[in-house]
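# Chain and residue survey
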Amino acid sequence: MSPNNPVLSHHISSQFNEELQDVNTKFMTMGGMVEQQVANAIHALLDTDAAMAVDVQFQDNTVNRLESEIDEALTLILARRHPAAIDLRMVLAMSKANTDLERIGDEASKIARIAQTLCEEGGSPRGYMETRHIGNQVRVMIHDALDAFARLDVDQALRVMQADADIDREYQSATRTLMTYMIEDPRHISRVINVLWVLRSLERIGDHARNISEQVIYMVKGLDVRHSSVEEIEQKFQR
């Protein structure tokens with residue numbers, strides 16, 4: 001979030017401003033790490049890179065530490081500054097988005113663990129094409145959700161939410177395809193099940209990116225849009 005952002009530029013207390021900037025910088029740093037975790041986990045799986053799979057799991061410790069530090073900083077801001085209006089919404093939104101980032105890191109670690117297992121078994125199982133496609137879409141979603149959060153861009157947040165609906169449909173289609181494959185050729189059931197778990201993690205990552213986008217709308221508009229479709233949210237904007 002830039003120093004010129006209206007959320008951070010109007011406070012009488014420069015100390016409050018500095019505290020918000022500091023925690024926001026840490027939040028964006030964590031977001032960048034999580035985004036890279038997902039990219040590396042997918043790379044480890046598709047390129048059978050066991051060393052990278054291990055590194056992704058190791059990085060999760062850093063992400064977990066950052067989540068705790070951000071939570072503590074936000075709690076102190078609430079206790080010391082008693083923010084109101086958009087300031088309060090920003091603190092609450094960042095707290096919730098912080099949890100979603102940590103959970104994205106957890107899903108990346110799950111993918112990395114499966115990648116490590118498949119590396120040891122050797123060979124590429126069925127379903128990697130679907131994994132590459134959905135994985136690339138999810139990586140873009142994370143990036144765009146964080147960018148929308150940084151710039152308080154409601155339009156981009158809505159685009160991320162629409163992308164999540166697309167990923168949900170593609171996940172269902174890929175799952176049906178792989179289930180049919182397992183029925184027709186039971187020899188590779190255990191390996192294909194691992195790929196199904198990867199796809200499930202990617203779908204969940206998309207859900208968390210959507211959640212972060214919902215917090216952007218909450219910050220800017222003061223609207224709780226959880227469990228709402230993009231069309232319903234756009235109708236609320238028009239009222």
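Residues numbered from 1 in each chain as written. Predicted model: local features only at pLDDT ≥ 70, side-chain atom pairs only at ≥ 80, totals over all residues. Heavy atoms only, no water.

Per an unreviewed UniProt entry, the chain goes by Phosphate-specific transport system accessory protein PhoU and derives from Acinetobacter variabilis. The UniProt entry for the chain carries this comment under Subunit (unreviewed entry): "Homodimer." Under the Function (unreviewed entry) heading, UniProt states for the chain: "Plays a role in the regulation of phosphate uptake." (UniProt positions renumbered as here; feature names shortened; annotations may be inferred.)

## Topic: the overall build of the chain
For the chain, the count of helices and strands is seven helices and zero strands. Going residue by residue from the N terminus, the α and β elements of the chain occur as α-α-α-α-α-α-α. In terms of overall dimensions, the chain is globule-like: its C-alpha atoms have a radius of gyration of 19 Å, near the 18 Å expected for 239 residues. Projected onto its principal axes, the C-alpha coordinates of the chain cover approximately 65 × 40 × 25 Å. Burial analysis of the chain (239 residues in total) assigns 47% to the buried set. When the accessible surface of the chain is split by element, carbon and sulfur atoms take 50% of a total near 11500 Å². Counting 25 positive and 37 negative side-chain charges, the chain places the averaged centre of each group 3 Å from the other. (Helix = DSSP H or I, 4+ residues; strand = E, 2+ residues; numbered from the N terminus. Rg over C-alpha atoms; globule rule 2.2 N^0.38 Å. Buried < 20%, exposed > 50% of the residue type's maximum accessible area, 1.4 Å probe, protein only. Areas by Shrake-Rupley, 256 points an atom, 1.4 Å probe, with all protein chains shown as cover. Lys, Arg positive; Asp, Glu negative; His and termini not counted. Charge placed at Lys NZ, Arg CZ, Asp CG, Glu CD.)

## Some remarks on the nonpolar core
By size, the foremost hydrophobic cluster in this structure holds 68 residues, and its most contacted members are Phe 27, Leu 101, Ile 104, Phe 149, Leu 202, Ile 205 and Ile 217. Elements that contribute at least two residues to this core include exactly helix H1 (14–46), helix H2 (50–81), helix H3 (85–121), helix H4 (128–151), helix H5 (154–184), helix H6 (189–221) and helix H7 (230–238). Of all the elements, H3 adds the most residues to this core, at 13 residues. (Core = buried A, V, L, I, M, F, W, Y, C linked by side-chain atoms within 4.5 Å.)

## A few points about the packing of aromatic side chains
Scanning the entire structure with this criterion turns up one aromatic pair. Here Phe 27 and Phe 149 contribute two aromatic rings whose centre-to-centre distance is 4.9 Å and whose plane-to-plane angle is 35 degrees, an arrangement assigned as tilted. Here Phe 27 is found in helix H1, whereas its partner Phe 149 is found in helix H4, with 122 residues between them in sequence. The pair Phe 27 / Phe 149 is uniform in exposure class, with both members buried. Taking the ring centre of Tyr 218 as reference, the NZ or CZ of Lys 96 above it sits at 6.0 Å. (Phe/Tyr/Trp six-rings, centres within 6.5 Å; stacked < 30°, edge-to-face > 60°. Lys NZ or Arg CZ within 6 Å of the ring centre and 35° of its normal.)

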